[in-house]
Amino acid sequence: MKKSRIFVPIIASVLAVATTNAQSAEERGLQIAKAAEKADEGFGSSIVELKMTLKNKNGQTSERFLTTRTLELTEDGDKSLIVFESPKDVKGTATLTFTHKVGADDQWLYLPSIKRVKRISSNNKSGPFVGSEFAYEDLSSQEVEKYAYKFLKEDGDLLVVEQDPVDPKSGYTRRVVTYNKGKGYRLEKIEFYDRKNALLKTLVYSDYKLYKNKFWRAATFNMVNHQSNKETLLKFGEYNFGAELAEEDFTEVALKRAGS
């Protein structure tokens, strides 16, 4: 009887390995995405100021300063409001995004020059966000339901997952996303492939800081467009998670007020 007990943990280990091996690439990819979503749950809301540096193919640069407000929602995707503070030619330009778990996201753009709010149609979501290498659809929060998944490989703590957008109007055929499971499944890199399945852009996250002993936030986003040789660098300041934002701070009226 005593001898048989020795084999119990061995058998359990073998069964655990067998279960992992039996898990499909699609199932594991989805599991990783859900783990990443869960790791970032509960931040509530945040405000952060950032500097955007645009670099053209000749290496010339220009700078813009923005403020981003984000409201976490559990029943649906998050809401965000981005306002340009300077320079003068873009000051007051603002974008409001309602991310949805299912269906197309809602987005609006306020243009201070004409004092009007324009709704961004689903057909234009792949267009550049105010001249940057980020598309409007890149502004949406990372919702699990927005993609189909396929696990590709593991390299230590780094897990690489292919994400295929569910939205047929997405500007991408797929994204290849690298997660760091040792650091709360935070994002390290995203490769974006265009409608012809050619590599379009690469976004690298760096200079991470841990807030509230749980929430990882990268201070640097570097988006490189491999087809145009242009680049957009975002440098974030300190995140304020103490701001008590509410849904009334994320309306068309709030959008227009923020840009005025």
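The coordinates are above.
Moving on to the environment of Tyr-208. As for its placement among the helices and strands, Tyr-208 is situated in strand 11 (residues 199-211). For Tyr-208, a relative accessible area of 19% gives the class buried. A sequence separation of 12 residues divides Tyr-208 from Thr-220, and the C-alpha atoms of the two residues are 7.8 Å apart. Setting aside its immediate chain neighbours within four residues, Tyr-208 contacts Arg-186, Leu-187, Glu-188, Trp-216, Arg-217 and Ala-218. In terms of polar contacts, Tyr-208 uses its side chain to reach the backbone carbonyl oxygen of Leu-187, at 2.3 Å.

Attention now goes to helix 2 (residues 25-39). Here helix 2 is 15 residues long and its end C-alpha atoms lie 21 Å apart, about the 21 Å a rise of 1.5 Å per residue gives. Looking at helix 2, one finds that the buried residues are Gly-29, Ile-32, Ala-33 and Ala-36. Axial view of helix 2: buried residues confined to an arc of 95°, hence all on one face. Looking at the buried residues of helix 2, the elements they touch are strand 7 (147-155), strand 8 (158-165) and strand 9 (174-180).

A few words now on the nonpolar core. Of all hydrophobic cores here, the largest spans 45 residues; its most connected members are Phe-129, Tyr-179, Leu-203, Tyr-205 and Phe-221. Of the residues forming this core, the biggest block, five residues, is contributed by strand 11. In contact with Phe-129, other than residues within four places in its own chain, are Met-52, Ile-82, Phe-84, Thr-95, Phe-134, Ala-135, Tyr-136 and Leu-139.

One pass over the full model with this rule turns up 15 aromatic pairs. Ring centres 6.0 Å apart and planes at 15° place the aromatic pair Phe-236 and Tyr-239 in the stacked group. Each member of the pair Phe-236 and Tyr-239 is classed as buried. Pairwise contacts between aromatic rings join Phe-43, Tyr-205, Tyr-211, Phe-215, Phe-221, Phe-236, Tyr-239 and Phe-241 into one cluster. Stacked on the ring of Phe-151, the Lys or Arg Arg-28 has its end atom at 4.1 Å from the ring centre. Sitting above the plane of the Phe-43 ring, Arg-217 keeps its charged end 5.2 Å from the centroid.

Reading the values: rules and limits
Residues numbered from 1 in each chain as written. Predicted model: local features only at pLDDT ≥ 70, side-chain atom pairs only at ≥ 80, totals over all residues. Heavy atoms only, no water. Helix = DSSP H or I, 4+ residues; strand = E, 2+ residues; numbered from the N terminus. Buried < 20%, exposed > 50% of the residue type's maximum accessible area, 1.4 Å probe, protein only. Contact = heavy atoms within 4.5 Å. Polar contact = N/O pair within 3.5 Å; in protein donor to acceptor, adjacent residues only side chain to side chain. Expected span 1.5 Å × (residues − 1). Arc of directions from axis to C-beta. Core = buried A, V, L, I, M, F, W, Y, C linked by side-chain atoms within 4.5 Å. Phe/Tyr/Trp six-rings, centres within 6.5 Å; stacked < 30°, edge-to-face > 60°. Lys NZ or Arg CZ within 6 Å of the ring centre and 35° of its normal.

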